[in-house]
Amino acid sequence: MQIARTGPLHERSLEPVEVPIPVPGSGEVRLRVLVCGVCHTELDEIEGRAIPPHLPVIPGHQVIGRIDAIGEGVEGLSVGDRVGVAWIFHACGQCRHCLDGEENLCAGFRATGRDVNGGYAEKMIVSADFVHAIPESFSDAEAAPLLCAGAVGFRALRLTGLLDGEQDGATLGFSGFGASAHLVLQLARQRLPACRFYVFARSADERAFALNLGADWAGGFDEAPPRLLDAIIDTTPAWRPIVSVLRHLVPGGRLVINAIRKEDTDKAALLELDYARDLWLEKQVRSVANVTREDVRECLLWAAEADLHPHVEVYDLAEANRALLDLRSKPVRGAKVLRVASDTTTPSTI
């Protein structure tokens, strides 16, 4: 399934095509893709907010597959190994950011499924240095969202500062409660058991889901939580939620925006920001930029140790357009995953 042109999302935004089977070069492996997670970033690519540098391109960056071919010079991997591929496809390894452990900020950063072909396909090529071992405790469908929704959410949790010195007993909010937030809430509950969690979500179903997963409070964006929050992670594609939740931070609190892009439909809401109410008293706003390999591997380790099992809804690869339309228009309950290989035995809902 490939993006051939950008424009408004519709039932045929992705086109099914036959392409030659790729051959791995030196240092590369080829995967037989089993499943691939569906992410809002695919909407950003299709709709032109994060335009791929060339078209057509095969999207998808939450890939679980088995190695079926190995290029020259690859060590430590074997045909048949189950591995994952995340948003980070390449970083130079030599610039200041890479040497400082911030390869997500590398000028040479390349993204899976945007800058190169990704996992909405039966086969894909990737550098052996950028694959991730998948713990056996996860099914294919459970593992896929951990590679982006989980890993980038894990990075957002780090950027809140609440993990510094194990600041247990703090208050953490979530603006939006989709694939990423439902994973980060569960990870944070394990690491910070005395922390209190507050969720702002657009639908009653999403709010009920949050409470079921252990949130202490869930309300709409027009509601106030029972106390001010030390940090809030925003996972929405819109601007109004940011304006709505900033007022609920403590002095010195931090809002972390976990999004590749924001949509422009409600950008005028930024004019409603009130400096004294929303930004003064040293409140901070930070963005999450991409993800590092260390983020992915730590997230997988944490999730396995916590026996975390993502809630997923599975679609066939041919239903990728429907999955994206559902992501756009329906209440989100966990993550959406495309089943690619015919021998994958995952239930339709976990």
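See the structure printed just above.
Given the structure is predicted, the values throughout are model-derived calculations rather than measurements. (Residues numbered from 1 in each chain as written. Predicted model: local features only at pLDDT ≥ 70, side-chain atom pairs only at ≥ 80, totals over all residues. Heavy atoms only, no water.)

Chemist: I'd like a rundown of the overall build of the protein, residues and numbers included.
Modeler: Helix and strand counts for the protein come out as ten helices and 17 strands. Against the globule reference of 20 Å for 350 residues, the protein gives a C-alpha radius of gyration of 20 Å, in line with a compact fold. Dimensions along the principal axes, computed over C-alpha positions, put the protein at roughly 60 × 45 × 40 Å. For the protein, the proportion of its 350 residues judged to be buried stands at 56%. Of the contacts made within the protein by residues no fewer than 6 positions apart, 75% connect residues no fewer than 24 positions apart. For the protein, the exposed area adds up to about 14,800 Å²; of that, 49% sits on carbon and sulfur atoms. (Helix = DSSP H or I, 4+ residues; strand = E, 2+ residues; numbered from the N terminus. Rg over C-alpha atoms; globule rule 2.2 N^0.38 Å. Buried < 20%, exposed > 50% of the residue type's maximum accessible area, 1.4 Å probe, protein only. Contact = heavy atoms within 4.5 Å. Areas by Shrake-Rupley, 256 points an atom, 1.4 Å probe, with all protein chains shown as cover.)

Chemist: So what about the nonpolar core? Which residues, and what values?
Modeler: With 102 residues, the main nonpolar core has V29, Y120, L172, F174 and F177 as its most contacted residues. Sequence-distant contacts of L172, that is, excluding residues within four places in its chain, are made with L157, T160, L162, A188, C195, R196, F197, Y198, A231, I232 and I233. Residues Y198, F200, L229 and I232 belong to the second largest nonpolar core, which totals twelve residues. (Core = buried A, V, L, I, M, F, W, Y, C linked by side-chain atoms within 4.5 Å.)

Chemist: Please provide a residue-by-residue account of the environment of W217, values included.
Modeler: Within the fold, W217 resides in strand β12 (residues 217-219). A relative accessible area of 15% places W217 in the buried class. Taking the C-alpha atoms as reference points, W217 and P52, 165 residues apart in sequence, are found 39 Å from one another. Excluding residues within four positions of it along the chain, W217 makes contact with F197, Y198, V199, F200, L211, E223, A224, P225 and P226.

Chemist: Explain the side chain of E263 to me, using residue names and the numbers behind them.
Modeler: If you trace the backbone, E263 turns up in the loop between β14 (249-257) and α8 (275-279). Ignoring sequence-local partners within four residues, the contact set of E263 consists of H40, E47, R49, P237, W239 and R328.

Chemist: Explain the pattern of salt bridges residue by residue, including any values.
Modeler: Think of it this way: side chains of opposite charge can pair up when their charged atoms draw near. What the rule picks out here adds up to 24 salt bridges. The partner of E272 in a salt bridge is R240, with the nearest N and O atoms 2.9 Å apart. Of the two residues, E272 sits in the loop between β14 and α8 while R240 sits in helix α7 (residues 240-246), which places them 32 residues apart along the sequence. Through salt bridges with shared partners, one network takes in D44, E47, R49, E263 and R328. (Salt bridge = Lys/Arg side-chain N within 4 Å of Asp/Glu carboxyl O.)

Chemist: How would you explain the layout of surface pockets if you had to name every residue and give the values?
Modeler: Within this model, the largest pocket holds a volume of roughly 810 Å³. Taken together, 42 residues line the largest pocket, and the ones lying closest to its centre are H40, G178, T235, T236 and P237. Looking at the lining of the largest pocket, the elements that each hand over two or more residues are β3 (28-38), α1 (40-46), α4 (149-159), α5 (179-191), α10 (320-329) and β17 (335-339). Looking at which element gives the most residues to the lining of the largest pocket, the answer is α1, with four residues. Around the second largest pocket sit 27 residues that line it, and V19, P22, I58, A121 and K123 are the ones nearest its centre. (1 Å grid on protein atoms, 1.4 Å probe; cavity = no way out; pocket = protein on both sides within 12 Å on 5 of 7 lines; lining within 4 Å. Points joined across faces, edges and corners; volume = space filled by probe spheres on them.)

Chemist: Got a sec to walk through the sheet that holds strand β11 (residues 196-200)? Specific residues and values, please.
Modeler: Within a sheet, adjacent strands bond to each other through the backbone by hydrogen bonds, running parallel or antiparallel. As summarised here, the arrangement of the six strands in space is β12-β11-β10-β13-β14-β15, forming an open sheet in which the pairing is parallel. A strand with exactly one partner marks an edge of an open sheet, and here the two such strands are β12 and β15 (284-287). Pairwise comparison of adjacent strand axes, ignoring direction, gives a mean angle of 15 degrees for this sheet. Both β11 and β12 contribute to a ladder of three bridges, which runs parallel. From the neighbouring strand, Y198 faces β12, where its bridge partner is W217. Against the sheet, α5 contacts β10 (171-175), β11 and β13 (229-234), and its axis sits at roughly 170 degrees relative to β10. (Pairing = 2+ DSSP bridges. Axes fitted to C-alpha atoms, helices over the stretch in contact; angles between N-to-C directions.)

Chemist: Tell me about the packing of α4 against α5, and please be specific about residues and values.
Modeler: Where α4 meets α5, the closest approach of the two axes is 8 Å, and the angle between their N-to-C directions is 60 degrees. Classified by the interaxial angle, the pair formed by α4 and α5 is oblique. Handedness of the α4/α5 crossing: right-handed. Every residue of α5 that contacts α4 at A149, G150, G153, F154 and L157 is listed here: A179, S180, L183, V184 and A188. Its residues assigned to classes, the contact of α4 with α5 comprises seven nonpolar, three polar and no charged. (Parallel < 35°, antiparallel > 145°, perpendicular 65-115°, else oblique. Left-handed = near helix turned anticlockwise from the far one by under 90°. Nonpolar A, V, L, I, M, F, W, Y, C, P; charged D, E, K, R; others polar.)

Chemist: Which residues make up the environment of V288, and what are the values?
Modeler: Turning to its location among the elements, V288 is positioned in the loop between β15 and α9 (293-305). Separated by 129 residues in sequence, V288 and L159 place their C-alpha atoms 8.0 Å apart. Beyond its immediate sequence surroundings of up to four residues, V288 is in contact with V152, R155, A156, L159, V256, I257, N258 and A259.

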